[in-house]
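A structural walkthrough
Spelled out from the first residue to the last, the chains are:
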There are 2 protein chains.
Amino acid sequence: MLTQTAIRTDAIRRPTMLAGKVAIPPQHALDHAAEADSLAQQMQLMGPTMSFPRNAEIFGENEPADFLYKMISGSVRTYKILGDGRRQIGDFCLPGDVFGLEFADVHTLSAEAITDARVLVIKRSALTALASRDAVIGRELHALTARELQRAQERILLLIKSAQERVASFLLEMAGRSPPGNSIELPMSRQDIADYLGLTIETVSRTLTSLENAATIEVPTSRRIVLRNRSALSRLNG
Amino acid sequence: MLTQTAIRTDAIRRPTMLAGKVAIPPQHALDHAAEADSLAQQMQLMGPTMSFPRNAEIFGENEPADFLYKMISGSVRTYKILGDGRRQIGDFCLPGDVFGLEFADVHTLSAEAITDARVLVIKRSALTALASRDAVIGRELHALTARELQRAQERILLLIKSAQERVASFLLEMAGRSPPGNSIELPMSRQDIADYLGLTIETVSRTLTSLENAATIEVPTSRRIVLRNRSALSRLNG
DNA sequence: CGATGCGTTGATAACTTTCAAATTTAGTGG
DNA sequence: CCACTAAATTTGAAAGTTATCAACGCATCG
C-alpha cells in the first residue's frame, strides 16, 4: 500500500533555549476579557520560549509528556510513523495553536518544526496543578481537548472523501487559519500535505494542477496558492 | 463519489420510557473501588432507563444536547448525513459505552438503535453540576472526552489504509469489545460497517469473502464471524 | 558547474466503486 | 409450518480513481 512517506528525513534535535525570555502581556490586555481566556494568559506566564530550527524534533512519540507547547511563530507538524513506515501527519500547528497536550503520560505523536519555530513551553504539572485550584482553567483545558476532538471528527469526514474533496477541504482549512485574503502561504511540503490527507505526493500535485486548470486556484509558486473560486472549492468540499 | 448509503431508512422515534426503574447497584459494590469509577456509579443513580426498538432514533443531529446516554443492553449507532447524502457512522455503541456527550449544546451526530436497546438517560445539567462540585467526577468526564479523542485518532489512522486493513482492524476492534473467544456477533448490517469504514457494502462483502478464502476468518452466518488466524489479521492491521 | 532536493508530468498497474444480477436470509400471512 | 415477498448479502463485469514506477524540470547550494 505505502500511501505515504516511507523514508524519514532524520530530525535534528537542536533547540535553542531562551530561558527567562518570557513574554509578559501588557497589563491593559489583562484588564478586559476578564476570565475570557485566562488559560492563554496563564500559559504566557508559565514557561520559557524555545526556538527550533527547521526539521528539529520537538518531542518524540512515546516520550514522557511532561510539557505542552504553544506556537509563537513558525509552524510545526505532529505525526506518527506506522508499522510499515508510512507517516501520518496529525496536525499542522500555526501561531496560537497549542500542541502536545496529552491525557496519558506519554506523547502519542511526534512533533517537528516545519519552519524555524518559536514555542512557549509549559510544564504540564504546573498547568494541572493550576487547573485543580482554578475551575475556570480546568474547564478551558477540557475545552481544548473537546476542540481537538472536534477537529479529529472533521478529519474523519474528510478522509472518506475523494482526493479532490480532500485537497479542496485542506485549502479552505488553511485559508481559514491564514490572514484574511485569498492568498495562502503554505509552510509545508507536498509530502507533508500528502501525509496529512492520506494521499500520495503525486495525487496532491495532480489535483492542484487540475484545480488550477479549472481556474479554481492559482499556484504562482509551489508554496503559495491563490483561491480564485471559493464557492467551487466549497462545493467540492461537500 | 457516493461511497456510502444515500437513502436512509426512516427512523421511528418510539421510545418506551421506563420512568423510575433506575438500576441501583447493591451496596457492597460501592464499598470498594472507592473513587475508582465514581462517575459510572453516579450515573447509575441519576437517570431513568429508556427502551428503543430497532431503528428508533434516540436523538438527531443539531438537537439540543440536554441528555447523555449509557448503554445497558443492545447496540446503537451514531452517524452524520453528509451534504451529498452519504452517511458516515461515528461509532457503534455496545453495553457500557457512553454516547451523546457533547461539549457544545447541540448534538453533532444523530443516534439510532441498531437492535432493540435499553439506555440509561442522564441529564447533562445534573452531571455538570455534579462535576463542578466534585473534582473527581470532573476529571472522569474529561477522561471520557480524552478517550473519545483517542478513538477518533485511531479511526483516522484506519481510514488512510486499504480496504483489507480497514476490515481487519474492524474485526479486531469488535473482537476486543466482545466477550472473550474467537467468535464475534455483529449487531450491525454490512451497510453499517461500510459506512463506518468509508467503503461500499460490496467492498466489505468481497473483503470478508477473501479473508474467508484465505482461512483467516469463517463466516457461518452473515452476522457471525469466527477469527481463525488473529496474527494474520493483526499483520494486515499494520 | 554537478549534485541534491522538491515538484510536476506521463504511462501503467492496482484497487475500489458502480451497475447489474443472482442468491440467501428474514419477515409475514395464511 | 409453509409459501411468498421483501430485504440483505454476495458475486460478476466494467469503469473510474489513485498508487506506483519512471523521467524530467527547476531551483538551491556547495
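Preceding this paragraph is the structure being described.
About the criteria used
Residues numbered from 1 in each chain as written. Chains lettered and ligands numbered in written order. Predicted model: local features only at pLDDT ≥ 70, side-chain atom pairs only at ≥ 80, totals over all residues. Heavy atoms only, no water. Pairing = 2+ DSSP bridges. Helix = DSSP H or I, 4+ residues; strand = E, 2+ residues; numbered from the N terminus. Axes fitted to C-alpha atoms, helices over the stretch in contact; angles between N-to-C directions. Contact = heavy atoms within 4.5 Å. Salt bridge = Lys/Arg side-chain N within 4 Å of Asp/Glu carboxyl O.

Description of the sheet that holds strand β12 (residues 224–227) of chain B
Residues and elements named next belong to chain B. What the three strands build is an open sheet, ordered β10-β12-β11; its pairing is antiparallel. Here the strands that pair on one side only, and so sit at the sheet edges, are β10 (183–185) and β11 (217–221). The sheet shows a mean angle of 25° between the axes of neighbouring strands, direction not considered. Where β10 meets β12, three bridges bridge the pair, whose relative direction is antiparallel. By the bridge assignment for β12, S183 is matched with V226. The strands touched by helix α7 (residues 201–213) are β11 and β12; relative to β11, the strand with the most contacts, the crossing angle is about 115°.

A closer look at the pattern of salt bridges
Summed over all chains, the structure comprises 26 salt bridges over all chains. The salt bridge partner of D192(A) is R87(A), with a shortest N-O separation of 2.8 Å. Here the residue D192(A) occupies a position in helix α6 (residues 190–197), and R87(A) occupies one in strand β6 (residues 87–93), the gap between them amounting to 105 residues. A salt bridge links E112(B) to R77(B), with the nearest nitrogen and oxygen atoms 2.6 Å apart.

Examining the sheet that holds strand β11 (residues 217–221) of chain A
Residue and element names in this part refer to chain A. Strand order in the open sheet made by the three strands is β10-β12-β11, with antiparallel pairing throughout. Strands at the two margins of the open sheet, each flanked by one partner only, are β10 (183–185) and β11. The mean angle between the axes of side-by-side strands here comes to 25°, regardless of whether they run parallel or antiparallel. Sheet topology places β11 next to strand β12 (residues 224–227); three bridges connect them, and they run antiparallel. From the neighbouring strand, E218 faces β12, where its bridge partner is V226.

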